[in-house]
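Architecture and fold: a report
Below are the chains, spelled out letter by letter.
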Amino acid sequence: MKKHIPNLITLLNAFCGCIAVVFAVNGQFGHTAFFVVLGIVFDFFDGLAARVLKVQSPLGLQLDSLADMITSGLVPGVVMFQLLGMSMAGGWNLEMYSEATEILHWSGLKLELLPFLGFFITLASGYRLAKFNIDENQVSSFIGLPTPANALLIISLPLILLHQNNDYLNEIILNQWFLIGMTILSCWLLNSRIELFALKFKNISFKDNAMRYIFLIVSLVLLVTLQFLAVPAIILFYVLSSAVNGLEKSKN
């Protein structure tokens, strides 16, 4: 029985991804983000459960990537599709249905090809996950940006529009060239050769985990001060600090 527990948690990740897709299609990005984050939490605990219960299996590895393909691959593609559509429609509209419900939507847009560029993120995510499954070197670190981190990066964009509602930021985020650039950057980061450290603590020693502790402290400070704008800043810091850490290792 216990061998099925991690797979059940993985399927909960996939289920959250399916729900997030529905909300993303309807432009309900607050709900989308909630279920993506919940799916990422399940994605963390399925591996932890497999290690604790000592029931790791090839099936679990494949199932994990299939679930990630939905939650962290398809969902950000749909979100970028929506953002590109809104940029072509000339803006965005915020309707408050309740204190906890905010819907960002675009309408009146004829079928255009540009929004479909957003699904390149989904394609790049699938390619990255397939490579991860056959790569035995990504145990204590990652090669390229993990799909959950990339999903958070993309989903943070409509959340910035919704909750920070800054005219300058809105103009930047809904600029077509910015969104095209973000799509290209996202696809490249997912499949780049940059080695990124994993947040896996083998012990609590600061000396052995200095980079991880610094990253967590900086991330917390950014979240408190910048709110949703902190997410792109945290991803940028993650990539740059990993690159610096990699250079220091190569020198030693």
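Please read these numbers as outputs of a predicted model, since none were measured by experiment.

Conventions used here
Residues numbered from 1 in each chain as written. Predicted model: local features only at pLDDT ≥ 70, side-chain atom pairs only at ≥ 80, totals over all residues. Heavy atoms only, no water. Helix = DSSP H or I, 4+ residues; strand = E, 2+ residues; numbered from the N terminus. Buried < 20%, exposed > 50% of the residue type's maximum accessible area, 1.4 Å probe, protein only. Contact = heavy atoms within 4.5 Å. Areas by Shrake-Rupley, 256 points an atom, 1.4 Å probe, with all protein chains shown as cover. Phe/Tyr/Trp six-rings, centres within 6.5 Å; stacked < 30°, edge-to-face > 60°. Expected span 1.5 Å × (residues − 1). Polar contact = N/O pair within 3.5 Å; in protein donor to acceptor, adjacent residues only side chain to side chain. Core = buried A, V, L, I, M, F, W, Y, C linked by side-chain atoms within 4.5 Å. 1 Å grid on protein atoms, 1.4 Å probe; cavity = no way out; pocket = protein on both sides within 12 Å on 5 of 7 lines; lining within 4 Å. Points joined across faces, edges and corners; volume = space filled by probe spheres on them. Nonpolar A, V, L, I, M, F, W, Y, C, P; charged D, E, K, R; others polar. Axes fitted to C-alpha atoms, helices over the stretch in contact; angles between N-to-C directions. Left-handed = near helix turned anticlockwise from the far one by under 90°. pLDDT = per-residue confidence, 0-100. Disulfide = S-S within 2.5 Å.

**Thoughts on the overall build of the chain**
Looking only at helices and strands, the chain has nine helices and four strands in total. Moving toward the C terminus, one meets the helices and strands of the chain in the order α-α-α-β-β-α-β-α-α-α-β-α-α. The buried share of the chain, reckoned over its 252 residues, is 44%. Residue pairs at least 24 apart in sequence account for 73% of intrachain contacts in the chain once pairs closer than 6 positions are excluded. Per element, the accessible surface of the chain, about 13800 Å² overall, is 68% carbon and sulfur.

**Looking at the packing of aromatic side chains**
Scanning the entire structure with this criterion turns up 11 aromatic pairs. Between F81 and F116, the aromatic rings sit 5.1 Å apart at their centres with planes inclined by 70 degrees, giving edge-to-face as the arrangement. Separated by 35 residues along the polypeptide, F81 in helix 3 (residues 58-89) and F116 in the loop between strand 2 (101-105) and helix 4 (120-134) bring together distant segments of the chain. For F116, a relative accessible area of 39% translates into the label partly exposed. Summarising the aromatic geometry, the rings of F197 and Y238 are spaced 5.1 Å apart at their centres and angled 90 degrees between planes, so their arrangement reads as edge-to-face. Placement of F197 in strand 4 (residues 195-197) and of Y238 in helix 9 (residues 230-251) is noted, with a sequence separation of 41 residues between them. Comparing F197 with Y238 shows no difference in burial state: the two are buried. Taken together, the ring pairs connect F197, F215, F237 and Y238 into an aromatic cluster.

**A look at helix 7 (residues 176-190)**
Over its 15 residues, helix 7 extends 21 Å from the first C-alpha to the last, a length consistent with the 21 Å expected when each residue adds 1.5 Å. Residues of helix 7 that are buried: L179, I180, M182, T183, S186, C187, L189 and L190. Taking the backbone nitrogen of W177 as reference, a side-chain oxygen 2.8 Å away marks N175 as the first, capping residue of helix 7.

**What about the nonpolar core?**
Membership of the largest hydrophobic core comes to 50 residues, with the highest contact counts inside it found for V79, M80 and L83. With 10 residues, the top contributor of residues to this core is helix 5 (residues 147-163).

**Brief notes about unusual backbone geometry**
Look at Q227: it is not a glycine, yet its phi comes out positive at around 55 degrees. With respect to the helices, strands and loops of the structure, Q227 is situated in the loop between helix 8 (210-226) and helix 9. Residue classification places Q227 among the partly exposed positions, given a relative accessible area of 46%.

**Focus on the layout of surface pockets**
Of the volumes computed, that of the second largest pocket is approximately 310 Å³. Around the second largest pocket sit 15 residues that line it, and L153, F178, M182, L185 and P232 are the ones nearest its centre. By residue class, the composition of the lining of the second largest pocket is 15 nonpolar, no polar and no charged.

**Notes on the packing of helix 3 against helix 5**
Close contact between helix 3 and helix 5 brings their axes to 9 Å; oriented N to C, the two are set at 30 degrees. Handedness of the crossing formed by helix 3 with helix 5: left-handed. Contacts between helix 3 and helix 5 pair D68, T71, S72, V75, P76, V79, M80 and L83 from the former with T147, P148, A151, I154, I155, L157, P158 and L161 from the latter. Grouping the constituent residues of the contact of helix 3 with helix 5 by class yields 12 nonpolar, three polar and one charged.

**What about the confidence of the model for the chain?**
Summing up the model confidence of the chain, the mean pLDDT is 84 and the portion of residues at 70 or higher is 83%. Within the chain, the lowest mean pLDDT, 40, falls on strand 1 (residues 93-98), and the highest, 96, falls on helix 7. pLDDT under 50 marks residues 94-104. Its contacts with residues more than four places away, or in other chains, come to 28 contacts.

**Comments concerning the environment of E195**
As for its position among the elements, E195 is in strand 4. What makes E195 partly exposed here is its relative accessible area of 42%. E195 sits 47 residues away from S242 along the chain, and the two C-alpha atoms are 6.7 Å apart. Setting aside residues no more than four positions away along its own chain, E195 makes contact with S141, F142, I143 and S242.

**With respect to the state of the cysteines**
Counted according to the given criterion, the structure contains zero disulfides. C16 takes part in no disulfide bond, and the closest cysteine sulfur, belonging to C18, lies 9.3 Å away. When its relative accessible area of 4% is taken as the criterion, C16 is described as buried.

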